[in-house]
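# Architecture and fold: a report
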Amino acid sequence: MRIVLVKTESLNQLNELEEMRERLEARKLVIGNMSMRCKLATEDAKKQEEMLSTEVRSLLVAGTSLSVARKRLQESNRLLTEERGYIKLKNVQRKLRARQQYMISQVSLLYPVKILVGPAQEQELESYPSSSRLGNYSVSKPINQGSLTILGLHLTMLPFTKMSFFTDKREVQRSATALGYVAHGVSLIASYLQVPLRYPVHLGGSRSYINDYAPSVEPTSSDLLWDTALSVNVKPVEFPLFLEGQDTTRAAYAVFLLNKDIEQLLNFISVKSLGPRHVLANLKELLRTVQSSEFIDT
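All values reported here derive from a predicted model rather than from experimental measurement. (Residues numbered from 1 in each chain as written. Predicted model: local features only at pLDDT ≥ 70, side-chain atom pairs only at ≥ 80, totals over all residues. Heavy atoms only, no water.)

## Brief notes about the overall build of the chain
Counting its secondary structure elements, the chain contains eight helices and seven strands. In the chain, which comprises 298 residues, the proportion classed as buried is 30%. Looking at the chain as shown, the accessible area adds up to about 20,500 Å², and 58% of this sits on carbon and sulfur atoms. (Helix = DSSP H or I, 4+ residues; strand = E, 2+ residues; numbered from the N terminus. Buried < 20%, exposed > 50% of the residue type's maximum accessible area, 1.4 Å probe, protein only. Areas by Shrake-Rupley, 256 points an atom, 1.4 Å probe, with all protein chains shown as cover.)

## Examining the nonpolar core
The biggest cluster of nonpolar side chains holds 44 residues, and the ones touching the most others in it are V182, I189, I210, L265 and L283. Listing elements by their share of this core, those giving two or more residues are α2 (83-110), β1 (113-116), β3 (148-150), α4 (169-193), α6 (248-268), α7 (279-290) and α8 (293-297). For this core, the element with the highest residue contribution is α4, accounting for nine residues. Sequence-distant contacts of L283, that is, excluding residues within four places in its chain, are made with V113, I150, V182, V186, I189 and I262. (Core = buried A, V, L, I, M, F, W, Y, C linked by side-chain atoms within 4.5 Å. Contact = heavy atoms within 4.5 Å.)

## What to know about the side chain of D261
For D261, the location among the structural elements is in helix α6. R198 is the oppositely charged side chain nearest to the buried, salt-bridge-free D261, at an N-O distance of 7.6 Å. Side-chain polar atoms of D261 contact the backbone nitrogen of Y199, separated by 3.1 Å. Contact partners of D261, with chain neighbours within four places excluded, come to V186, L197, R198, Y199, V201 and I210. (Lys, Arg positive; Asp, Glu negative; His and termini not counted. Salt bridge = Lys/Arg side-chain N within 4 Å of Asp/Glu carboxyl O. Polar contact = N/O pair within 3.5 Å; in protein donor to acceptor, adjacent residues only side chain to side chain.)

## Re the pairing of strand β6 (residues 209-212)
Note that strand β5 (residues 201-202) and β6 share two bridges and pair antiparallel. The residue bridging V201 from the neighbouring strand is I210, located in β6. Connecting the antiparallel pair β5 and β6 is a turn made up of six residues, with G205 showing a positive phi of about 65°. Taken together, the four bridges between β6 and strand β7 (residues 237-240) define a ladder with antiparallel strand orientation. By the bridge assignment for β7, Y209 is matched with P240. (Pairing = 2+ DSSP bridges.)

See the structure below:
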């Protein structure tokens, strides 16, 4: 009986010992996993520390550069606040405008806009029309488009509204050539004045086009929720600045956009536009104003 009890007690102890051994192995496994995690965390912390150290060094360099730039800005502001600095700035601005005036005067020589006085007589319109600075408008009656020429060509708008089989094809071609001249002149003037045109021009002589980036359909309320990045990738719509083989409505809209570009340049130099139907008149006013002494003094 005693032997049975001893064996039973030994078995119980062996079972308990086995359970303790299993618990110990489990503890070792947990400790091993924790040790591995701790090692990975330590390595990650070292990497982050190195990255932070690099960023701190970059911030220190940037801070030094910013401090130097701030000192230079303060020095520049100090020089500008002085009388000599302001005068120097104005002289630089006058030189820039004088250079712009000279370049645009070359455009005026390249594409002269003249007023037709008689059947075969043209003269320069020096005082055409009276000055119309924004905020100081002067009343003047715009001259008919038919009385103005660019490089000897009339810009007749009638074919753009009443195109038919009996329309003079030579007149259509002359209008397309004149529009090509205007488009080239406007693009040159915009580049000299450093004004990005709202409606960019694709030059091609008498087969030029003008681009419109505005959507052709009014946006709905749901469209307004779209990402603004989508609007950057909007493809432009091309409109022809000529009538041959084109829809008259699209061509007329192209002329309207071209005049809008001229109005943009007029607004840039603080001059009021003569209206949406006066392409050559607006171009003439733009050239006249830029070549005046007021342009350099402003």
